[in-house]
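Residues per chain, in single letters:
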Amino acid sequence: QKSTKPVMVDFYADWCVNCIEFDQLTFSDPRVKEKLDKLTLLKIDVTKNSEEDKKLQKAFTIYGPPAILFFKEGKELQELRLVGFKNADEFLAHISRLGL
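Below you will find a few notes about this structure.

The rules behind the values
- Residues numbered from 1 in each chain as written.
- Predicted model: local features only at pLDDT ≥ 70, side-chain atom pairs only at ≥ 80, totals over all residues.
- Heavy atoms only, no water.
- Helix = DSSP H or I, 4+ residues; strand = E, 2+ residues; numbered from the N terminus.
- Rg over C-alpha atoms; globule rule 2.2 N^0.38 Å.
- Buried < 20%, exposed > 50% of the residue type's maximum accessible area, 1.4 Å probe, protein only.
- Contact = heavy atoms within 4.5 Å.
- Areas by Shrake-Rupley, 256 points an atom, 1.4 Å probe, with all protein chains shown as cover.
- Lys, Arg positive; Asp, Glu negative; His and termini not counted.
- Charge placed at Lys NZ, Arg CZ, Asp CG, Glu CD.
- Polar contact = N/O pair within 3.5 Å; in protein donor to acceptor, adjacent residues only side chain to side chain.
- Salt bridge = Lys/Arg side-chain N within 4 Å of Asp/Glu carboxyl O.
- Arc of directions from axis to C-beta.

**Looking at the overall build of the protein**
Alright, step 1. Regarding its fold elements, the protein presents 4 helices and 5 strands.
Alright, step 2. Listed N to C, the secondary structure of the protein is β-α-α-β-α-β-β-β-α in terms of helices and strands.
Alright, step 3. Compactness check: the protein gives a C-alpha radius of gyration of 13 Å against a globular reference of 13 Å for 100 residues, within 12% of the reference.
Alright, step 4. Overall, the C-alpha framework of the protein stretches about 35 × 30 × 20 Å when taken along its three principal axes.
Alright, step 5. Every one of the 100 residues in the protein was classed for burial, and the buried ones make up 40%.
Alright, step 6. Here the contacts in the protein between residues at least 6 apart in sequence split such that 66% fall between residues at least 24 apart.
Alright, step 7. For the protein, the accessible area works out to roughly 6300 Å², and carbon and sulfur atoms hold 52% of it.
Alright, step 8. In the protein, 16 side chains carry a positive charge and 16 a negative one; their mean positions are 5 Å apart.

**Some words on the side chain of Glu76**
Alright, step 1. Tracing the sequence through the fold places Glu76 in strand β4 (residues 75–76).
Alright, step 2. In this structure the side chain of Glu76 is engaged in a polar contact, spanning 2.9 Å, whose partner is the side chain of Arg81.

**Section: the side chain of Asp53**
Alright, step 1. Structurally, the position occupied by Asp53 is in helix α3 (residues 51–59).
Alright, step 2. Notably, Asp53 is buried but unbridged: the nearest opposite-charge side chain belongs to Lys48, and the N-O separation is 7.6 Å.
Alright, step 3. Here Asn49 takes part through its backbone nitrogen, which lies 3.0 Å from a polar atom of the side chain of Asp53.

**Structural notes on the pattern of salt bridges**
Alright, step 1. On inspection of all chains with the given rule, the structure shows 6 salt bridges.
Alright, step 2. In this structure, Arg31 engages Asp29 in a salt bridge whose closest nitrogen and oxygen atoms are separated by 3.1 Å.
Alright, step 3. Among the salt bridges present, the one from Asp89 reaches Arg31, with a minimum N-O distance of 2.8 Å. Residue Asp89 is found in helix α4 (residues 88–95), and its partner Arg31 is found in helix α2 (residues 30–36); the two are separated by 58 residues along the sequence.
Alright, step 4. Accessibility expressed as a relative area gives 48% for Asp89, which makes it partly exposed.
Alright, step 5. Here Arg31 falls in the partly exposed class, since its relative accessible area comes to 40%.
Alright, step 6. Three or more residues are tied together by salt bridges with common partners; here these are Asp10, Asp23 and Lys43.

**Focus: unusual backbone geometry**
Alright, step 1. Omega for the peptide link from Pro65 to Pro66 comes to -5°, which places this bond in the cis form.
Alright, step 2. Along the polypeptide, Pro66 turns up in the loop between α3 and β3 (67–72).
Alright, step 3. The phi torsion at Glu73 lies on the positive side, around 55°, for a residue other than glycine.
Alright, step 4. Relative to the helices and strands, Glu73 is located in the loop between β3 and β4.

**Section: helix α1 (residues 17–26)**
Alright, step 1. Of all the residues in α1, the buried ones are Cys19, Phe22 and Thr26. In a view along the axis of α1, the buried residues occupy a sector of 85°, so they form one face of it. Structural note: α1 exposes Val17, Gln24 and Leu25 on the side pointing more than 90 degrees away from its buried face.
Alright, step 2. Against β1 (7–12), α2, β3 and α4 lie the buried residues of α1.

Now the structure itself:
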C-alpha cells in the first residue's frame, strides 16, 4: 500500500511448469526486465501448498499458480490479473495497460 509504483504480485511454485517458463523465458527478457524495474515486485511462494498458502490463495481468489496480480494505490487492477503463461511479447502488451 505504501509503494509509489504499481505493484506486481507473482504467485508461483517450484513444481509449476508455467512458473518456471515465466522465470526463464518471460522475466529474463531484457525488455521485460526494463519494465519490471518500474514496478514493486512481490513473489509469493506457494510450493508447499500449506494451510497458510491455501488461505492466502483463497483471500485473493487464486486457484493455483501461476497467477500475477497488479495493484495501484493499494487496490487490485482486476482487469490486469493474469492466470497462466504469457511469453515476453504477450506480457509486454499486457502490462502496457499500466502506462509504463
